Amino acid sequence: MRKQSHCIGCIRSPSTSELYLDLSPGSATQTLKMMYQQLFKTMSALFLFCYVVKTAFNCPKSDWNNYMSGKKLQEFPIKFFDTMGLNSCYKECKAHGKCLSINFNRKLFVCELLSEKKSEAKPLADDQDSVYIEITEIIEKKCDGEPCNNYSTCIRTSLNNSLCIVTDCSEVYPDLDDGAIADRTFTPISATYGCNVGFTGVGSVKRVTCIPGGKWSSLSYRCEPPVHGGWGSWGSWGYCPVTCGGGTRYRYRSCNNPTPMYGGNSCYGSSSDSVYCNTNGCPVNGGWGSWSGWSSCTKTCEKGTKSRSRSCNNPYPAYGGAACSGASSQPSDCNTDKCPGWFFGR
């Protein structure tokens with residue numbers, strides 16, 4: 001019989017006699033977790049924790065030759081668990097139909113199940129808080145001898161047998177051009193999408209859901225780049241409001257070639273243009289000025305003539321205006337009395 005390592009906080013399975021970590025509230029393992037989180041504030045404690053992980057957590061023992069401390073695979077997880085021990089994380093991966101490796105954050109006790117393994121195209125990244133393990137001994141996922149499909153998980157029942165339970169969506173996550181999954185849940189199965197920086201989301205449905213073993217609901221959402229506005233053609237010139245004396249007429253253009261959308265800039269410059277029109281002077285009709293004084297009488301007696309005049313200068317006729325109507329001079333009789341010599345000559 002193989003001798004088990006001493007495991008603080010483990011419980012023994014009644015069916016297999018294997019030891020499992022007890023992560024229930026108030027358990028010894030939970031207490032250790034809190035201690036480890038405090039110890040991780042120093043680098044020296046990191047190595048101590050690595051040692052503990054490879055001894056106290058080996059219930060049951062696994063093939064730790066593929067254990068890589070301080071490394072993680074930069075891959076979008078197919079599922080993650082909070083407050084879980086390393087061994088439990090490893091067992092979740094072995095039970096899940098798609099899981100091939102795990103990232104385990106030993107500081108926060110977060111488990112990530114991955115559907116990929118490290119490769120030349122996907123090398124491991126440095127992360128002092130992480131552990132990376134591949135499920136190398138698993139070629140075909142089986143549950144009591146029967147294979148589980150990719151969206152099922154092998155669970156042990158109270159009758160000490162194993163069953164494949166449909167737990168995930170049968171399809172991969174939908175792709176969104178120029179966007180990505182911003183949030184997701186596993187109970188219920190959902191994914192909420194968001195657009196990359198600089199893009200604007202358009203559509204009414206950005207959250208998709210899936211029943212276990214089913215297909216994703218429709219994603220009615222897209223990410224659009226900004227469209228900056230451009231000026232259209234100038235319209236025709238408007239009518240001049242006056243026929244003479246100078247006026248202003250206008251023409252207009254619209255910012256519709258294209259119309260700014262999705263956070264794009266509006267057009268730069270003015271949407272209107274103006275020009276003076278009918279700047280010629282308006283016709284001015286002539287007007288009479290005041291009468292001048294009367295001239296001297298042409299005779300001293302026997303009826304003479306005197307006159308006065310006026311000018312068409314109030315105002316002068318201009319720009320085709322009409323001249324003044326009427327006479328510019330006015331005669332009048334004067335000294336109409338008989339001459340004295342004629343009277344006495346009789």
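As shown above, the structure is provided for reference.
Residues numbered from 1 in each chain as written. Predicted model: local features only at pLDDT ≥ 70, side-chain atom pairs only at ≥ 80, totals over all residues. Heavy atoms only, no water.

**Student:** Describe the packing of aromatic side chains, with residues and values.
**Tutor:** Following the criterion strictly, the structure yields five aromatic pairs and no others. Between the aromatic rings of Phe76 and Tyr173, the centroid separation amounts to 6.1 Å while the plane-to-plane angle is 85°, which identifies the pairing as edge-to-face. Residue Phe76 is found in the loop between strand E3 (67–73) and strand E4 (79–82), and its partner Tyr173 is found in the loop between strand E11 (162–166) and strand E12 (179–186); the two are separated by 97 residues along the sequence. Residue class for Tyr173 comes out partly exposed when judged on its relative accessible area of 22%. Aromatic side chains Tyr250 and Tyr252 sit 6.5 Å apart centroid to centroid with 20° between the ring planes, which places their arrangement in the stacked category. Judged by relative accessible area, which is 40%, Tyr250 ranks as partly exposed. Relative accessible area serves as the criterion here: at 51%, Tyr252 is assigned to the exposed category. Taken together, the ring pairs connect Phe76, Tyr173 and Trp216 into an aromatic cluster. Taking NZ or CZ as reference, Arg184 lies 3.9 Å from the ring centre of Phe76, over its face. Seen from the ring of Trp231, Arg253 lies directly overhead, with NZ or CZ sitting 4.1 Å from the centre. (Phe/Tyr/Trp six-rings, centres within 6.5 Å; stacked < 30°, edge-to-face > 60°. Helix = DSSP H or I, 4+ residues; strand = E, 2+ residues; numbered from the N terminus. Buried < 20%, exposed > 50% of the residue type's maximum accessible area, 1.4 Å probe, protein only. Lys NZ or Arg CZ within 6 Å of the ring centre and 35° of its normal.)

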